[in-house]
Every structure is written in structure tokens, then in C-alpha cells.
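# An overview of the molecular structure
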Amino acid sequence: MVTEEAESNKRQKEGCIINCLPSDLIEQVFFRLPVSTLLTCTGVCKQWKKFIRDPRFITSHLQHAPRYALLFFPQESISCNPYPSDAILIDEAWSHSTHAVPVIGPDDFLFGSCNGLLGLYTKMSTIKIANFATGQCLHLEKPIKNLKGDHFSLYSFGFHPVTKQYKVAHFLGDSIEGHSQNNDKFSIIQVYTLGDESWKDIRTPEALSLKCVRNSGVVNLDGTIYWLTEDIIASWKYAIMSFDLGDESFKRIQLPATLEDCAHDGPPIYWIREIDRKICLVTIQSSHYLTRRLHGNLLIWTLDDKMGQRWSQKYNIQYSPSPDYILGPNLVHRDKIMLQHRDCKLYSYELLGDDSETKMCKVTKLLDFRPHKPENMKSYICVKSLVSLDEYKKAGIVRIPRQREGWKLKRWEAWEHKLRNKEEMWNNIYELEHGRMEFSQTMALRLKLLLPRIPDEVTRQQTSLKISQIIPYFPDQARSLRRLNCVDQKRDFDDLDARMDKYKDICEAISQTMDIIFSTLQSCIQVQFLLIAGVAAATCRWPCS
């Protein structure tokens, strides 16, 4: 018998053998492992933990990490029923995740994704920075508590590659002590650097359009925030403003000089987006009669030279009918454009052609996200990383949530009750299936004992086959304890209904088969009884010797 000491020595010896491998080789192996596996590896030995937690390895692993499209659905009320915030990841093979992102609460609003960290706006007095792969969270006090008109679209989150600092930015509308002065303008950006003791105010060169920030979006790329603003001097009445998170300076970037404007259509609509790690301007004409309906070709311009303000047209997408909504801040993943429609379905399209004429082909339906509304959907490019928040936890504005929050709130009691009922129904159907299998197996054994009473060989074989058919097969299905996302939650309800219907159909088929078996056995036994009775009667009539 192997003692515990011998087993321990064996494990230590094996560990030493692995650790004797060249560090470059171990590093290359670890680069190819997902974050979840690496977190498990930190518990193997102290050397592995030290290696995996090393900031240099974390940075290198981040550079090798696969990119996901993160689709975010904010909390909303539909037909007077609240639906929680949710997120779905689409990987490089275009498969979507099944489980919810645990760090995203039911009332959270996503405003940024950077190096595996998510910036989440809450309705409480804090905002949340979270690593959705490791589950680490950091709650930061908002720059102004209970600010009237505050909204998640007025926040941005990014990382500066030179200073190596993470920063949160807030576009503060021109107001005094919560009383609106000019809700359409802002003159201050409030900035917080993770690890600092407080927020600081950065004054803009002039009053800028807050409405453009809300409607056209914000992109945070390589340590710089970009957004659209009104510019009455410019040809197209708009320009792009940039804010460098490193030196905290502003710059104005003019739009392409050759933008088209169709006089017979409505005014053009502009969005700022990120495609292939570049700032892009997306524009399309609105309908002349319905300004919220899009019309014509979708033009996408790329900012090739920020200093020289040089643009090039990347796509001129011919699409009929025109897309209903434009995803943002990222709408292209793996060289395919993602577009959502009014039918609450998300599709991907391959883009073929040049910059003057681009056609969409090979359409693929990615998912049905009903009942969430398509106009509220957001899309970010993200990665899973090992980036730690531990070094920022001692900052002065870090808070520990003391109130009841998330799924513990009363407003989500009915939602949680609905999910608990579903799990109980799954358990009930499993019990019914198990009970039916045990009953059928017992009946099959008993019926097989009666087979010798069937004199006809063909009938006996047919009945034996029928008996084997009354034993049903119900596949085992282990239930995950993790919460499903909105798409798979709906699928799970559909699967439950289908499983219950299948159970009823199987029970009905078994009942019909058993009726046939009983009828066959009964007729054979009756024939045997009549034969025995006939022989007995003949024996009684036979003259005695």
C-alpha cells in the first residue's frame, strides 16, 4: 500500500521534473492555455503561481489572447416586465457563449472594455471595474453622487500604452449642483486614474456637444478617446474630438472632405466606430420622411493618419434593404460585419469588393436575442486576461457595496422565482424519466418469464422484441449551476417543453406496446387453457378399463 508520504514525494519529484524544463518552453505552453486553466495552474505549485502572476507574463499572455465580440444587452422593461442586463461572447469560430458573465449584474450598464477589464455603470453611487475572466471587481465612487441626467453613455474606460495607466473618463454636462444649465453641452471631462485618491476635472477647449456623445458613440483606442462633436464651420457641420489619456490633451480632427450628401434624402447620420484597431467614421443617409429609418449605402471611412488627418474610404456597402441599426462601438469581427434587424436577430455578412463598391454575401444568422430591443444592443471587442485589480484596491475612492444589490434586490425576486421553478421542473422530469425506466425494466423482466407460454416460435420472437421496446432511453443531462445568458435561457425553456412532450409521447408509445404484449400473452394463455380443458373433457368421456 502506497503511504501518503510516498505519494507526496512522488508528486514533488514529478513537479521538479516539469520545472526543470526550459522556462521559454513552459512560457510557450502557458501562452496557449486559456485563463480558466491558468488560474487552476496557480494552485499546482508556488513556482507556477509566481510565473503566471508575473506582470510580464500577464502582458505577454494578453498579447496572445484570442479576441471575442462581446454583445451587451442593457436592463430594460418590455411589456411591463423587467429584463436584466446580459452579455454574450462570440469567439473566433463564431460560436456564442451559453453562460452569463457573472461580473455583470442585472442592473449594470457596460460602458467600456479594455485588456479584459469591463467598465460597468451602476445605479448605485459607484461604478464598477471588473475582470470578467477572473471575477475580480473594483467599486469606485462616482465623481458626483446622484447627478441628475447621469447616464452610462457619458462614461469611457481605457488604457494608455505608454503610461501603463487605466483611466475612467466622464463627460460632465454643464450643470450646477444637479440643476441643468445646458444639458446639450459639456465643458469638463472628469478623469480618474486607477489607484489615485480622487477624480480630477479637465476643462475642454470650448463647450462641446453632449448630444453627439450620446447619439454617435465614444471609442477608446490606444489610450485616446474619440467622439463626434458639432462644428458649424466644417463642411459637414461635424468634427471628431480626441482626448489623450496620457498627457490629457485635446485635438480636433476634420471629417473626410469627400463625404456624399444626397439632397433628396434626409440628413446623413454619423457614428464613430473602431474597426481593425483604427478609428472609423460610419455614415448613412436617413429617410427624408422618417429620420430614424436608414436609407442608401453604408459608407465607412478609416482614419489612416491622425497627425495629417488623412482619411480613406474602407467600404461602400450596398445593402438592400438598408440596415435598421448600426452596432457600436465595434461592428466588425473577424472580417465580417455584424448587423441587427428589427426582427431581433443578429446576422454576420462577409464583405466582398473594393472601397467603391462593397457587397455583403454569405449571410449567417448568429442569434435571436428576443425580447431585447435591437436599438439598445452594444458590441465590444474584448479578450480574457489575467490583469489583476489588487494593486488598486487601497485607493481612497474604492468602496465596498453595503446595500443590497444585483439579484438580491426585490425587483428581481419574480425573475429568480421563475428560474427556480424551471430548475424544479427539470428535476421533476428527470425523476419521472428515472421512475419510468425502473418500472419498464421491472415489467420487461416479468413479461420475459411468460414468453415460454407462447407456443408459436415466430410469435414468441415478435413478442420478445416488443418487450425490449418498452424500456425507454432518456439521455442523462447534467445541469450546470452557472446562470445561462438570455439566448440560452430561452433555449433551455424550449428544451424543457420539448423534453416534457417527448416524455408524454414515449409513455403513450410504451402503453400501446404493452397493450399489444398483454393481448398476445392473454390470447396464447387462453388457447392453452382451452386445449387443456378440451383434453380433460375428452379424458372424462374416454371409457374406463
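Conventions adopted
Residues numbered from 1 in each chain as written. Predicted model: local features only at pLDDT ≥ 70, side-chain atom pairs only at ≥ 80, totals over all residues. Heavy atoms only, no water. Helix = DSSP H or I, 4+ residues; strand = E, 2+ residues; numbered from the N terminus. Buried < 20%, exposed > 50% of the residue type's maximum accessible area, 1.4 Å probe, protein only. Contact = heavy atoms within 4.5 Å. Areas by Shrake-Rupley, 256 points an atom, 1.4 Å probe, with all protein chains shown as cover. Pairing = 2+ DSSP bridges. Axes fitted to C-alpha atoms, helices over the stretch in contact; angles between N-to-C directions. Phe/Tyr/Trp six-rings, centres within 6.5 Å; stacked < 30°, edge-to-face > 60°. Lys NZ or Arg CZ within 6 Å of the ring centre and 35° of its normal. 1 Å grid on protein atoms, 1.4 Å probe; cavity = no way out; pocket = protein on both sides within 12 Å on 5 of 7 lines; lining within 4 Å. Points joined across faces, edges and corners; volume = space filled by probe spheres on them. Nonpolar A, V, L, I, M, F, W, Y, C, P; charged D, E, K, R; others polar. Domains from an automatic or database assignment.

You'll find the protein chain entered in an unreviewed UniProt entry as F-box domain-containing protein, with Brachypodium distachyon given as the organism.

It is worth spelling out the overall build of the protein chain at this point. Across its full length, the protein chain carries 9 helices and 25 strands. For the protein chain, the proportion of its 545 residues judged to be buried stands at 46%. Sequence-distant contacts, at least 24 apart, represent 56% of the contacts inside the protein chain between residues at least 6 apart. Of the accessible surface of the protein chain, which amounts to about 29900 Å², a share of 53% is contributed by carbon and sulfur atoms.

To continue, consider the sheet that holds strand E1 (residues 68–73). Where strands meet in a sheet, backbone hydrogen bonds hold them as pairs that are either parallel or antiparallel. Reading across from one edge, E4-E1-E25 is the order of the 3 strands in this open sheet, with antiparallel pairing throughout. Since the sheet does not close on itself, it has two edges, and those belong to strand E4 (86–90) and strand E25 (378–382), each with one partner. Across the sheet, the mean angle from the axis of one strand to that of its neighbour is 25 degrees, orientation sign disregarded. Where E1 meets E25, 5 bridges bridge the pair, whose relative direction is antiparallel.

With the rule as written, the count across this model stands at 21 aromatic pairs. Ring centres of Phe-30 and Phe-57 lie 6.2 Å apart, and the angle between their planes is 75 degrees; this geometry places the pair in the edge-to-face category. With Phe-30 in helix H2 (residues 23–31) and Phe-57 in helix H5 (residues 55–64), the pair connects residues that are 27 residues apart, well separated along the chain. A residue is classified by how much of its surface remains accessible, and Phe-30, at 3% relative accessible area, is buried. With 4.5 Å between their ring centres and 45 degrees between their planes, Phe-159 and Tyr-166 make a pair best called tilted. Tyr-166 carries the same exposure label as Phe-159, and that label is buried. Of the aromatic side chains, those joined through ring pairs into one cluster are Phe-30, Phe-31, Trp-48, Phe-51 and Phe-57. In this arrangement the basic side chain of Lys-418 is found over the ring face of Phe-493, its NZ or CZ atom lying 5.3 Å from the centre. The positively charged end of Lys-422 is found above the aromatic ring belonging to Phe-493, 5.1 Å away from the centroid.

Our next topic: the layout of surface pockets. Estimated volume of the second largest pocket: approximately 810 Å³. Taken together, 39 residues make up the lining of the second largest pocket; nearest its centre are Pro-84, Ser-85, Gly-105, Pro-106 and Trp-407. Secondary-structure elements contributing two or more residues to the lining of the second largest pocket are E4, helix H7 (413–448) and helix H9 (486–541). In terms of residue count, the dominant contributor to the lining of the second largest pocket is H9 (4 residues). Per-class residue counts for the lining of the second largest pocket are 18 nonpolar, 8 polar and 13 charged. Taken together, domain 2 (65–402) and domain 3 (412–533) each give at least three residues to the lining of the second largest pocket, which thus spans both.

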